[in-house]
Amino acid sequence: MKKLLLLVLSFAFVVPALAITEPTEVQKAEIKYQRKLEKIKRKQEIKCLKKPEKCAVATPIQQTTLTLGVAQQRVKIGTSQTDVALALGSPNIITTDSDGKETWIYDKVSSVQSYNNNGFEVGLKLLGGGYGSQTAGGGLIGTSYGKSAGNYQTNQKTLTIVIKFNNQKVESFKYHMSNF
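Residues numbered from 1 in each chain as written. Predicted model: local features only at pLDDT ≥ 70, side-chain atom pairs only at ≥ 80, totals over all residues. Heavy atoms only, no water.

Engineer: What exactly am I supposed to notice about the packing of aromatic side chains here?
Structural biologist: Here the distance between the centres and the angle between the planes together describe a pair of aromatic rings. Under the counting rule described, the total for this entry stands at 2 aromatic pairs. Geometrically, the ring pair formed by phenylalanine 173 and tyrosine 175 is tilted, given 5.9 Å between the ring centres and 50° between the ring planes. Since its relative accessible area comes to 42%, tyrosine 175 is described here as partly exposed. (Phe/Tyr/Trp six-rings, centres within 6.5 Å; stacked < 30°, edge-to-face > 60°. Buried < 20%, exposed > 50% of the residue type's maximum accessible area, 1.4 Å probe, protein only.)

Rendered as structure tokens:
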């Protein structure tokens, strides 16, 4: 009886652990996206085997720099999803529009900070030193003068690219770039 009770209790804990749960919509979209990337990678590998000279420019392993110029040069109406992924890398967002067309969104923000220092300094040091910048005196005679000013500047840029596909080919290509 103890064995039967133990078997029933262990079965009660094991069965829920083995239960299969339905993936959420987000998980389904992620699975679909991962499958699509694998398919793109396989196509690229086959393309590289056939024409290795074309793979020297961009391969899935290489990191591409996403700029508006690169996008305008490599993405045209009719370009395949594979070629877009190779040229621009992975998009930030993949979704479908109201017409059911797959839409890839690339969104990039960059920030450049710079500091410019304009300064003037004169120094003279005798009997125990020498002369030059950053002198503070010393020895028997010492003199120094300094003046410094600078400015700090931050420049931010954004680039958003929206590409819509129809039958895995680029149907429309729009972008927005700002600099502030």
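Engineer: So what exactly am I meant to see when it comes to the environment of lysine 164 here?
Structural biologist: Mapped onto the fold, lysine 164 is located in strand 3 (residues 141-166). Taking C-alpha positions, lysine 164 is 6.5 Å from lysine 101, a pair spaced 63 residues apart along the chain. Other than its neighbours up to four places away in sequence, lysine 164 contacts Asp97, Glu102, Thr103, Lys169, Val170, Glu171 and Ser172. Within the local environment of lysine 164, its side chain forms a polar contact with the side chain of aspartate 97, the two groups lying 3.2 Å apart. (Helix = DSSP H or I, 4+ residues; strand = E, 2+ residues; numbered from the N terminus. Contact = heavy atoms within 4.5 Å. Polar contact = N/O pair within 3.5 Å; in protein donor to acceptor, adjacent residues only side chain to side chain.)

Engineer: Got a minute to help me understand a positive patch on the surface in this structure?
Structural biologist: A cluster of basic residues, Lys39, Arg42, Lys43 and Lys169, forms a positive patch at the surface. Per element, the largest residue contribution to the positive patch is 3 residues, and it comes from helix 2 (residues 25-50). (Patch = residues over 30% accessible without salt bridge, like charges linked within 9 Å, V, L, I, M, F, W, Y side chains within 5 Å. Areas by Shrake-Rupley, 256 points an atom, 1.4 Å probe, with all protein chains shown as cover. Salt bridge = Lys/Arg side-chain N within 4 Å of Asp/Glu carboxyl O. Lys, Arg positive; Asp, Glu negative; His and termini not counted. Charge placed at Lys NZ, Arg CZ, Asp CG, Glu CD.)

Engineer: Is there a simple way to think about helix 2 in this case?
Structural biologist: Side chains of residues three or four places apart in an α-helix project in the same direction, reflecting 3.6 residues per turn. Between its first and last C-alpha, helix 2 extends 38 Å over 26 residues, near the 38 Å set by a 1.5 Å rise per residue. Regarding helix 2, the residues found buried are Tyr33, Lys36, Leu37, Ile40, Gln44 and Cys48. (Expected span 1.5 Å × (residues − 1).)

Engineer: I keep staring at the pattern of salt bridges and nothing clicks. Help me out?
Structural biologist: Oppositely charged side chains may form a pair once their charged atoms are brought near each other. Applying the stated rule across the entire model yields 4 salt bridges. Here glutamate 171 ties to lysine 101 by a salt bridge, and the two come within 2.8 Å at their closest N and O atoms. With glutamate 171 in strand 4 (residues 169-179) and lysine 101 in the loop between strand 1 (93-96) and strand 2 (102-126), the pair connects residues that are 70 residues apart, well separated along the chain. Note on glutamate 171: relative accessible area 32%, which makes it partly exposed. The class of lysine 101 is partly exposed, set by a relative accessible area of 22%.

Engineer: Looking at this structure, I do not really get unusual backbone geometry. What am I missing?
Structural biologist: Negative phi is the rule for most residues except glycine; trans is the rule for most peptide bonds. The phi dihedral of asparagine 167 is positive, around 55°, even though this residue is not glycine. Considering the arrangement of structural elements, one finds asparagine 167 in the loop between strand 3 and strand 4. Positive phi, normally seen in glycine, also occurs at glutamine 168, with a value near 60°. Along the chain, the position of glutamine 168 falls in the loop between strand 3 and strand 4.

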